[in-house]
Amino acid sequence: RIDYSLIKGGGKVLQVVYVNSSTEVSVTSSTFTDLVSTTITPASTSNKVLALCSIGGLARHSGDTELQLRLLRDSTAVGETKGLNDGASGFISTAGCSINELDTPSSTSSLTYKLQLNNRDGNGTVQASVNGADTSITLLEIEGW
């Protein structure tokens, strides 16, 4: 038997923000480079932000390095993934990947969420949105619970 009095309310989606880009980005140094960004302003400090991120057309060319992706809220990393590193220096590609995070910003200020790409060792080239593949962020403000 379920005691429904223990289940907290909330969870309603209050707003949705979406941004998409198909601009190819190439990185040859070990510097995080912006892929796409958008802003959201939560209505309450108890609300959460569900970030659904899709990064398409990932590739690594001619260098033994690791492709890194991260999701930032302002200057704070809230999600990260790494890959396309096999210890060799040939070409590797993938259709893409996703980063999905339920963030608790505790803020009612405008927040900027951005996806970034990095070439960890600065060898060769890493790329996102190769051949016009989509890279996107969808932000959902979720009523606090």
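Residues numbered from 1 in each chain as written. Predicted model: local features only at pLDDT ≥ 70, side-chain atom pairs only at ≥ 80, totals over all residues. Heavy atoms only, no water.

**Q** So what exactly am I meant to see when it comes to the pattern of salt bridges here?
**A** Note that side chains of opposite charge can pair when their charged atoms are close. On inspection of all chains with the given rule, the structure shows four salt bridges. Measuring nitrogen to oxygen at the nearest pair gives 3.4 Å for the salt bridge that ties K114 to D34. One end of the pair, K114, is in strand 8 (residues 111–119); the other, D34, is in strand 3 (residues 33–40), and 80 residues separate them in sequence. One salt bridge connects D121 with R120, and the closest N-O pair in it is separated by 2.8 Å. The class of D121 is partly exposed, set by a relative accessible area of 36%. R120 sits in the partly exposed class, given a relative accessible area of 35%. Because the salt bridges share partners, they merge into one network encompassing E66, R120 and D121. (Salt bridge = Lys/Arg side-chain N within 4 Å of Asp/Glu carboxyl O. Helix = DSSP H or I, 4+ residues; strand = E, 2+ residues; numbered from the N terminus. Buried < 20%, exposed > 50% of the residue type's maximum accessible area, 1.4 Å probe, protein only.)

**Q** Quick question: what am I supposed to make of the environment of G144 here?
**A** Positionally, G144 belongs in the segment after strand 10 (135–142). C-alpha separation for the pair G144 and K48, spaced 96 residues apart in sequence, amounts to 6.1 Å.

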